[in-house]
Amino acid sequence: QVQLVESGGGLVQAGGSLRLSCVASGSIFSINAMGWYRQAPGKQREFVAFISSGGSTNYADSVKDRFTISRDNAKNTVYLQMNSLKPEDTGIYYCYARIVVLTNAYDYWGQGTQVTVSS
């Protein structure tokens, strides 16, 4: 069994910062890509940021220059540093990871952590 557990969400004023963390645990051989998605009320889940096993990153245009994704491979952890937060960043943030278990790779999702940005 593999689990992803997010933490770090909360309520913050516009212009503030939050740091999300996501820890993967269980029968993990290796972790390939990791990333973050979010879902605002009444909207579809959307891509936020991605980081490869080698450290290459990609961001949604809406968060570029404000958010930074990073990972600690020794701790099976991915982070999302969110600065200059805006009310439109409000939503549930989900961690994603493509994890190799034995010889196959599978996609896993965390349960989500709420981020609320007040104006």
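Residues numbered from 1 in each chain as written. Predicted model: local features only at pLDDT ≥ 70, side-chain atom pairs only at ≥ 80, totals over all residues. Heavy atoms only, no water.

Undergrad: A description of the pattern of salt bridges should follow, citing residues and the corresponding values.
TA: Under the criterion given, the structure shown has 5 salt bridges. With a closest N to O distance of 3.2 Å, Lys 64 and Asp 61 form a salt bridge. Judged by relative accessible area, which is 64%, Asp 61 ranks as exposed. Between Arg 98 and Asp 107 there is a salt bridge, with the nearest N and O atoms lying 2.7 Å from each other. Under the relative-accessibility criterion, Arg 98 is labelled partly exposed at 36%. (Salt bridge = Lys/Arg side-chain N within 4 Å of Asp/Glu carboxyl O. Buried < 20%, exposed > 50% of the residue type's maximum accessible area, 1.4 Å probe, protein only.)

Undergrad: Which residues make up the environment of Tyr 79, and what are the values?
TA: As for its position among the elements, Tyr 79 is in strand 8 (residues 77–82). The sequence separation of Tyr 79 and Thr 68 amounts to 11 residues, and the corresponding C-alpha distance is 8.0 Å. (Helix = DSSP H or I, 4+ residues; strand = E, 2+ residues; numbered from the N terminus.)

Undergrad: Explain the packing of aromatic side chains to me, using residue names and the numbers behind them.
TA: Here the structure, examined in full by the defined rule, presents 4 aromatic pairs. Between Tyr 37 and Tyr 96, the ring centres sit 6.2 Å apart and the planes meet at 70°, which makes this aromatic pair edge-to-face. A residue pair is termed long-range when its members are at least 10 positions apart, and Tyr 37 in strand 4 (residues 30–39) and Tyr 96 in strand 9 (residues 91–101) qualify at 59 residues. By relative accessible area, which is 24% here, Tyr 37 ends up partly exposed. Here the aromatic rings of Tyr 96 and Trp 109 are separated by 5.3 Å at their centres, their planes lie at 55°, and the arrangement is tilted. Pair noted here: Tyr 96 is in strand 9 and Trp 109 is in strand 10 (residues 104–109), with a separation of 13 residues, a long-range link. Under the relative-accessibility criterion, Trp 109 is labelled partly exposed at 37%. A connected cluster of aromatic rings, assembled from ring pairs, spans Tyr 37, Phe 47, Tyr 96 and Trp 109. A cation sits over an aromatic face here: Arg 19 above Tyr 79, 4.1 Å from the ring centre. The ring of Tyr 94 carries the charged tip of Arg 45 above its face, separated from the ring centre by 3.7 Å. (Phe/Tyr/Trp six-rings, centres within 6.5 Å; stacked < 30°, edge-to-face > 60°. Lys NZ or Arg CZ within 6 Å of the ring centre and 35° of its normal.)

Undergrad: For the sheet that holds strand 8, give the residues involved together with the corresponding values.
TA: Sheet architecture is open: 4 strands sit in the order 1-3-8-7, paired in antiparallel fashion. In this open sheet, the two edge strands, each paired with only one partner strand, are strand 1 (2–7) and strand 7 (67–72). For this sheet the average axis-to-axis angle between neighbouring strands, irrespective of direction, equals 15°. Sheet topology places strand 7 next to strand 8; 6 bridges connect them, and they run antiparallel. Across the sheet, the residue bridging to Ser 70 is Tyr 79, located in strand 8. (Pairing = 2+ DSSP bridges. Axes fitted to C-alpha atoms, helices over the stretch in contact; angles between N-to-C directions.)

Undergrad: Describe in detail the nonpolar core, supporting the description with residues and values.
TA: Core analysis: the largest hydrophobic core is formed by 29 residues, its most contacted members being Trp 36, Leu 80, Met 82 and Tyr 93. The set of elements that each furnish at least two residues to this core consists of strand 1, strand 3 (18–26), strand 4, strand 5 (46–51), strand 7, strand 8, strand 9 and strand 11 (113–118). Looking at which element gives the most residues to this core, the answer is strand 9, with 5 residues. (Core = buried A, V, L, I, M, F, W, Y, C linked by side-chain atoms within 4.5 Å.)

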